[in-house]
Amino acid sequence: MKDSERMLAERMTSALNSYLDGSGETALHAAYELGRDALGSGLGLLSHATMLDRALLMAVRDRPEGAADVIERAEPFLIEAFSPFEMAQRAVRDTNAVLRRLDRAREEEVKRLAHELHDEAGQMLAVVHLDLDRVANELPPGFRDRLEPVRARLRDVELQLRRISHEMRPTALDDLGLLPALRFLGEGVARRASITVRVEDELDRRLSPEVETVLYRAVQEALTNVARHAEATRVTVRLEHEDGLVVLSVTDDGVGFDPGRAGDGAGLGITGMRERLASIGGTLEIRSTPGKGTMLRAPIPLVEHAAHSAGR
Amino acid sequence: MHMTRLRGAQTVIVGIEESRVHIDSDGAIVEARQRGRSLALGLGFSAGSATLIATSISELARNILLYAGEGEIALQPLRTGGRYGLAVFASDHGPGIADLERALEDGYSTSGRLGLGLPGVRRLMDEFEVRTNGVGGTVVRAAMWNHS
């Protein structure tokens, strides 16, 4: 135990005893301040609870009255000491709700941009093709070939635009669903990173648009990580049912890493993935051993989907 | 200190002037919390809700000590139809809050970063209002209704 924690523990014990001795609101105020200090010093909720529990245990041992009596009388003190954590927890809940709204707004914005890039920029380029044809017709025959490299470059630009817009927000995800979108994504990654990407889908139904988007983004992030860091030759993306859950897994045969030591290196990508999954009731597990590949597993409760789709 | 007498359905509601506590020390905070808690319990609030009211009083009184040095916490029982509530007023003649919107954001102060302070009180209570002009003085009104 650190010195600061030992001091907190001592203050807790003495405040609890003074509460049990009848000092009333003064001790409750002290309990509140203790909770506040614990929160401020970064003490986790579990450590805080453990500390309080030990203080209570000591009081039970030291006091002449019966244990049940002490425990019952200590309740207001304990609740008071947790109250700052209640406040902080409400803040987290609110923040998550805001993040979720922001993420949804961002997804809508990306959808709009991808659409504009695909449709509007695409149309403009088609017009440039027509213009080139007109210029070609006005040129003497020997000069027409000179336009061919320009046309080829223009076609490259079109391809790139389409690729970028698809990766930003595949129309397949909106029109056809998660599986075709994942296949398309997998093909792109396979081509660029020269790895074999398999997409296996054991689900027999479409999920709500929100869940499909979250899963798509998770796979996108996972495949990006595999392509960048894993030095893998094969990666399998799998969606399946398991005890009332939808489980997404992404498994590669790359170099792996020590998840315990990834720390900050895990970066925003993983954190973002975890937060998005949490917003639909899911969790994220990462299993990896250096030299033995990485498996990323995200179980999501099916019940949540029903609730979400019913809300639409 | 004037007593609040609450006997069953026959509720005597204290006037606002009877529940003012001058805040200039930790001891005064304790006094304000004590009065807030017993008023809340008398109005039929659960022990948990009474704790949240005491918590709000602590945070508001803390702000008074921290930013203005001294001020006042006033407690006002409320009644609409058959529902009871309790309003906590925290007022001071300190420097006021220059940027109220920011002060109500979580990241603004150290307390705020933890979800405590004014943003925390706003979350705990059903109604929350701040009057300040950035030149002098702040009045915060935070009220909770008995939902049970």
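In this numbering scheme, every chain counts its residues from 1 along its sequence in written order. Naming scheme: in the order in which they are written, chains are lettered from A and ligands are numbered from 1. Where local features are concerned, this predicted model is filtered to residues with pLDDT of at least 70; where side-chain atom pairs are given and counted, the filter is 80 or more; whole-chain, interface and lining totals use all residues. Think of the side-chain values as coming from all heavy atoms in the structure, minus any hydrogens and water.

### Observations regarding the overall build of chain B
Basically, it comes down to this: Each helix corresponds to a stretch of at least 4 residues labelled H or I by DSSP, and each strand to a stretch of at least 2 residues labelled E; elements are numbered beginning at the N terminus. Each residue gets one of three labels from its accessible area relative to the maximum for its type: buried under 20%, exposed over 50%, partly exposed in between, using a 1.4 Å probe on protein chains only. Contact definition: two residues touch when any of their heavy atoms are within 4.5 Å.
Per the secondary structure count, chain B includes five helices and seven strands. For chain B, the sequential pattern of α-helices and β-strands runs β-β-β-α-α-β-β-α-α-α-β-β. The buried share of chain B, taken over its 148 residues, is 47%. Expressed as a percentage of contacts within chain B between residues at least 6 apart in sequence, the contacts between residues at least 24 apart total 59%.

### Some points on the overall build of chain A
For clarity, the cut-off: Where accessible areas are quoted, they stem from the Shrake-Rupley method and a 1.4 Å probe; at the residue level, only the protein chains shown are allowed to cover.
Secondary structure assignment for chain A yields 12 helices and five strands. Here chain A holds 312 residues, and 39% of them are scored as buried. Contacts spanning at least 24 positions in sequence make up 69% of the contacts within chain A whose residues lie at least 6 apart. Accessible surface, chain A as shown: approximately 17500 Å² in total, 55% of it carbon and sulfur.

### Details of unusual backbone geometry
Residue and element names in this part refer to chain A. One non-glycine residue, Ser-194, lies in positive phi territory at about 50°. Inspection of the secondary structure puts Ser-194 in the loop between helix 8 (178–193) and strand 1 (196–201). Overall, Ser-194 belongs to the exposed group, its relative accessible area being 63%. Even without glycine at this site, Asp-243 takes up a positive phi of about 45°.

### Comments concerning the environment of Leu-41 of chain B
Residues and elements named next belong to chain B. In this fold, Leu-41 is placed in helix 1 (residues 26–42). Leu-41 sits in the partly exposed class, given a relative accessible area of 43%. Spatially, the C-alpha atoms of Leu-41 and Thr-51 are 9.7 Å apart, while their sequence positions differ by 10 residues. Those residues in contact with Leu-41 that lie beyond four places of it in its chain are Ser-46, Ala-47 and Ala-50.

### Observations concerning the interface of chain B and chain A
Inclusion rule: By buried area we mean the combined loss of accessible area, with a 1.4 Å probe, across both parts when two parts are placed together. We count a salt bridge whenever a side-chain nitrogen from Lys or Arg sits within 4 Å of a carboxyl oxygen from Asp or Glu. Residues adjacent in sequence count toward polar contacts only when both atoms are side-chain atoms; beyond that, a polar contact is any pair of N or O atoms within 3.5 Å, and within protein one must be able to donate a hydrogen and the other to accept it.
In this assembly, 23 residues from chain B lie in contact with 20 residues from chain A. In total, about 1900 Å² of surface goes out of reach between chain B and chain A, with carbon and sulfur atoms giving 55% of it. The interface formed by chain B and chain A holds seven salt bridges in total. For Glu-25 of chain A, the salt bridge is made with Arg-37 of chain B, and the minimal N-O distance between the two is 2.9 Å. Connecting chain B to chain A are 10 residue pairs in polar contact (both at pLDDT 80 or more). Those elements that provide at least two residues to the side of chain B that touches chain A are helix 1, helix 2 (47–68) and helix 5 (117–124) of chain B.

### With respect to the nonpolar core
Put simply, the test is: Working definition of a nonpolar core: buried Ala, Val, Leu, Ile, Met, Phe, Trp, Tyr and Cys residues. They are joined through side-chain atoms within 4.5 Å.
By size, the foremost hydrophobic cluster in this structure holds 62 residues, and its most contacted members are Phe-77 of chain A together with Ile-23, Ile-53, Leu-60 and Ile-73 of chain B. Grouped together as the second largest cluster of nonpolar side chains are 38 residues, Leu-223, Val-237, Val-250 and Leu-277 of chain A included.

### A few points about the layout of surface pockets
Residues and elements named next belong to chain A. Just so we agree on the cut-off: Every definition here rests on a 1 Å grid over the protein atoms only: cavities are sets of points where a 1.4 Å probe fits but cannot get out, pockets are open sets enclosed by protein on both sides within 12 Å along at least five of seven lines, and lining residues have some atom within 4 Å of a point. Grid points are joined across faces, edges and corners, and a volume is the space filled by probe spheres set on the points. Polar here means any residue other than Ala, Val, Leu, Ile, Met, Phe, Trp, Tyr, Cys and Pro, which are nonpolar, and Asp, Glu, Lys and Arg, which are charged; Gly is therefore polar. The source of the domain bounds is an automatic or database domain assignment.
What the largest pocket holds in volume is close to 670 Å³. What lines the largest pocket is a set of 30 residues, among which Arg-100, Asp-103, Arg-104, Arg-276 and Ser-279 lie closest to the centre. Mapped by element, the contributors of at least two residues to the lining of the largest pocket are helix 4 (67–138), helix 7 (171–175), helix 9 (209–230) and helix 11 (267–279). In terms of residues, the lining of the largest pocket owes the most to one element, helix 4, which gives 12 residues. In terms of residue class, the lining of the largest pocket is made up of eight nonpolar, five polar and 17 charged. Looking at which domains feed residues into the lining of the largest pocket, each of domain 1 (3–98) and domain 2 (172–312) supplies at least three.

### Notes on the sheet that holds strand 7 (residues 138–145) of chain B
Residue and element names in this part refer to chain B. Here is the rule we go by: Think of it this way: DSSP has to see at least two bridges between two strands before they count as a pair. Lines are fitted to the C-alpha atoms to define the axes, a helix being fitted only along its stretch in contact, and any angle between axes, read from their N-to-C directions, falls within 0 to 180 degrees.
One open sheet accounts for five strands, arranged 3-4-5-7-6; its pairing is antiparallel. The open sheet has two edge strands with one neighbour each: strand 3 (20–23) and strand 6 (127–132). This sheet shows a mean twist of 15° between the axes of neighbouring strands, independent of strand direction. Of the strands in this sheet, strand 3, strand 4 (71–80) and strand 5 (83–92) touch helix 1, which is tilted by about 155° from strand 3.

### Observations regarding the packing of aromatic side chains
Each aromatic ring pair is specified by the distance between its two centres and by the angle formed by the two planes. Residue and element names in this part refer to chain A. Rules: Only Phe, Tyr and Trp rings take part, Trp by its six-membered ring, and two of them pair if their centres are within 6.5 Å. Stacked means planes under 30 degrees apart, edge-to-face means over 60, and tilted covers everything else.
Going through the model one piece at a time under the given rule, you end up with one aromatic pair over all chains. Each ring, one from Tyr-19 and one from Phe-77, has its centre 6.0 Å from the other, and the planes form 35°; the classification is tilted. On the criterion of sequence distance, the pair formed by Tyr-19 in helix 1 (residues 3–23) and Phe-77 in helix 4 is long-range, its members being 58 residues apart. Judged by relative accessible area, Phe-77 falls into the buried class, the value being 1%.

### Side note on the confidence of the model for chain B
Residues and elements named next belong to chain B. What counts here: Think of pLDDT as the predictor's per-residue confidence, scored from 0 to 100.
For chain B, per-residue confidence averages 83 on the pLDDT scale, and 82% of positions sit at 70 or higher. pLDDT under 50 marks residues 1–12. Its contacts with residues more than four places away, or in other chains, come to 13 contacts. Model confidence for the complex is summarised by a pTM of 0.66, with the ipTM given as 0.79.

### Examining the packing of helix 3 (residues 45–62) of chain A against helix 4 of chain A
Helix packing for two helices is described by the angle between their axes and how far apart those axes are. Residues and elements named next belong to chain A. Applicable threshold: Relative orientations are named as follows: roughly parallel for angles under 35 degrees, roughly antiparallel for angles over 145 degrees, roughly perpendicular for angles from 65 to 115 degrees, and oblique for any other angle. A clockwise turn of the near helix away from the far one marks a right-handed crossing, whereas an anticlockwise turn of less than a right angle marks a left-handed crossing.
Direction vectors running N to C along helix 3 and helix 4 enclose 155°, while the axes themselves pass 10 Å from each other. One element, helix 3, and the other, helix 4, form an angle in the roughly antiparallel class. The element helix 3 and its partner helix 4 pack so that their crossing is right-handed. Taking contact as the criterion, the partners of Leu-45, His-48, Ala-49, Leu-52, Leu-56, Ala-59 and Val-60 in helix 3 are, on helix 4, Ala-67, Val-70, Ile-71, Ala-74, Phe-77, Leu-78, Ala-81, Phe-82 and Phe-85. By residue class, the composition of the contact of helix 3 with helix 4 is 15 nonpolar, one polar and no charged.

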